[in-house]
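Architecture at a glance
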Amino acid sequence: DAGITQSPRHKVTETGTPVTLRCHQTENHRYMYWYRQDPGHGLRLIHYSYGVKDTDKGEVSDGYSVSRSKTEDFLLTLESATSSQTSVYFCAISESGNRYNQPQHFGDGTRLSIL
Amino acid sequence: QKEVEQNSGPLSVPEGAIASLNCTYSDRVSQSFFWYRQYSGKSPELIMSIYSNGDKEDGRFTAQLNKASQYVSLLIRDSQPSDSATYLCAVLIQGAQKLVFGQGTRLTINP
């Protein structure tokens, strides 16, 4: 199994509070991704990173920010959480991104509930 | 038109039969295609990758790709109850650095 750890695994918080989710990898892969998965919408890309300090937006990036200060860590922040951000969040990694058709491997997910 | 489309199911197949899962995609220049299996409450797990037209076999799984028809399928032979899961088709959008997922097909294998 790919060495990917997401924390926390579960979190319940209130609307308006900041939330940070962490993805930690031990594979030294260059590319890291954050997705959310919701019923009826499938997996949707929030942000991704193609190197330290190099990030870009996905299709549902509004309300989210990311940071990557080290190869192994990719943080997803909800600056002011809203109920619409209640979801399951998955981190994924790939060795060389899309350039060499490398697949992505997923962490175990974080179940986030915003009340 | 969605970029990647799958029949959401549920697809019900008797144990020991062949399960056939289908996926169509809209990006004509896509080169890489993946099938993931996701058990309820778990994360997606890669089970097959396919890059060239034709069939690719791995154990009980066969992926089939037809780029002219923009169609990719997954066959599961000798289906087992443990194959009951949601199967996600994913297509790499060339030049866009992103993997686009279908909504998944829920498969149930009946003993």
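Heads up: the structure comes first, above all this text.
To start, this report covers the structure provided alongside it. (Residues numbered from 1 in each chain as written. Chains lettered and ligands numbered in written order. Predicted model: local features only at pLDDT ≥ 70, side-chain atom pairs only at ≥ 80, totals over all residues. Heavy atoms only, no water.)

1. Some details on the overall build of chain B
For chain B, the count of helices and strands is zero helices and eleven strands. The linear arrangement of helices and strands in chain B, starting from the amino end, is β-β-β-β-β-β-β-β-β-β-β. Computed over the C-alpha atoms, the radius of gyration of chain B is 13 Å, within 12% of the 13 Å expected from 2.2 N^0.38 for a compact globule of 111 residues. Here the C-alpha coordinates of chain B stretch approximately 45 × 30 × 20 Å along the principal axes. (Helix = DSSP H or I, 4+ residues; strand = E, 2+ residues; numbered from the N terminus. Rg over C-alpha atoms; globule rule 2.2 N^0.38 Å.)

2. Structural notes on the interface of chain A and chain B
Listed per partner, the contact involves 22 residues of chain A and 20 residues of chain B. Across the chain A/chain B interface, buried area totals approximately 1600 Å², and carbon plus sulfur atoms make up 53% of it. Connecting chain A to chain B are four residue pairs in polar contact (both at pLDDT 80 or more). Among the residues making up the side of chain A that touches chain B, the classes are represented as nine nonpolar, eleven polar and two charged. (Contact = heavy atoms within 4.5 Å. Buried area = accessible area lost by both parts, 1.4 Å probe. Polar contact = N/O pair within 3.5 Å; in protein donor to acceptor, adjacent residues only side chain to side chain. Nonpolar A, V, L, I, M, F, W, Y, C, P; charged D, E, K, R; others polar.)

3. Details of the packing of aromatic side chains
According to the stated counting rule, one finds twelve aromatic pairs over all chains in the structure shown. Measuring from centroid to centroid gives 6.1 Å for Y33(A) and Y48(A), while their planes differ by 25°, and the two rings are stacked. With a gap of 15 residues between them, Y33(A) in strand β4 (residues 31-38) and Y48(A) in strand β5 (residues 42-51) connect regions that are remote in the sequence. Of the two residues, Y33(A) and Y48(A), both sit in the buried class. Here the aromatic cluster, defined as three or more aromatic residues joined through ring pairs, consists of Y33(A), Y35(A), Y48(A), Y50(A), F90(A), F106(A), Y36(B) and F101(B). In this structure, R60(B) packs its charged tip against the face of F61(B), placed 5.7 Å from the ring centre. (Phe/Tyr/Trp six-rings, centres within 6.5 Å; stacked < 30°, edge-to-face > 60°. Buried < 20%, exposed > 50% of the residue type's maximum accessible area, 1.4 Å probe, protein only. Lys NZ or Arg CZ within 6 Å of the ring centre and 35° of its normal.)

4. Quick word on the pairing of strand β5 (residues 45-50) of chain B
Residues and elements named next belong to chain B. Relative to β5, strand β4 (residues 33-38) runs antiparallel, the two being bridged by five bridges. Of the residues in β5, the one forming a bridge with F34 is S49. From the end of β4 to the start of β5, which pair antiparallel, there are six residues, and G41 there has a positive phi angle of about 80°. (Pairing = 2+ DSSP bridges.)

5. Observations regarding the side chain of T62(B)
Residues and elements named next belong to chain B. Structurally, T62 is set in strand β7 (residues 61-66). Its relative accessible area of 6% is what places T62 among the buried residues. A polar side-chain atom of T62 sits 2.6 Å from a polar atom in the side chain of R77. Not counting the four nearest positions on each side in its chain, T62 is found in contact with M48, D55, K56, E57, S73, L74, L75 and R77.

6. A word on the pattern of salt bridges
Going through the model one piece at a time under the given rule, you end up with seven salt bridges over all chains. Residue K70(A) pairs with D73(A) through a salt bridge whose shortest N-O separation is 3.4 Å. With a shortest N-O distance of 3.4 Å, R77(B) and E57(B) are connected by a salt bridge. On the criterion of sequence distance, the pair formed by R77(B) in the loop between β8 (71-76) and β9 (85-93) and E57(B) in strand β6 (residues 54-58) is long-range, its members being 20 residues apart. Note on E57(B): relative accessible area 60%, which makes it exposed. (Salt bridge = Lys/Arg side-chain N within 4 Å of Asp/Glu carboxyl O.)

7. Re the layout of surface pockets
Looking at the largest pocket, its volume works out to about 620 Å³. Q37(A), Q38(B), S40(B), G41(B) and K42(B) are the residues nearest the centre of the largest pocket, which is lined by 29 residues in total. Secondary structure elements with two or more residues in the lining of the largest pocket: β4, β9 (87-94) and β11 (110-114) of chain A together with β9 and β11 (105-110) of chain B. Classifying every residue of the lining of the largest pocket by side-chain character gives seven nonpolar, 16 polar and six charged. (1 Å grid on protein atoms, 1.4 Å probe; cavity = no way out; pocket = protein on both sides within 12 Å on 5 of 7 lines; lining within 4 Å. Points joined across faces, edges and corners; volume = space filled by probe spheres on them.)

8. Digging into the sheet that holds β7(B)
Residues and elements named next belong to chain B. The five strands lie next to each other as β1-β3-β8-β7-β6, forming an open sheet whose pairing is antiparallel. The open sheet is flanked by β1 (4-6) and β6, the only strands paired with a single partner. Sheet twist, expressed as the average angle between the axes of neighbouring strands with direction ignored, equals 20°. The sheet contact formed by β1 and strand β3 (residues 19-25) spans three bridges and is antiparallel. (Axes fitted to C-alpha atoms, helices over the stretch in contact; angles between N-to-C directions.)

9. With respect to the nonpolar core
One finds W35(B), V72(B), L74(B), I76(B) and Y87(B) to be the most contacted residues of the largest nonpolar core, which totals 25 residues. Contributing elements (two or more residues each) for this core: β3, β4, β5, β7, β8, β9 and β11 of chain B. Top contributing element to this core by residue count: β9(B), with five residues. When sequence neighbours within four positions are dropped, the list of residues in contact with L74(B) reads A19(B), S20(B), L21(B), W35(B), I47(B), M48(B), F61(B), T62(B), A63(B) and Y87(B). Membership of the second largest hydrophobic core comes to 19 residues, among which are V19(A), M32(A), Y89(A) and L112(A). (Core = buried A, V, L, I, M, F, W, Y, C linked by side-chain atoms within 4.5 Å.)

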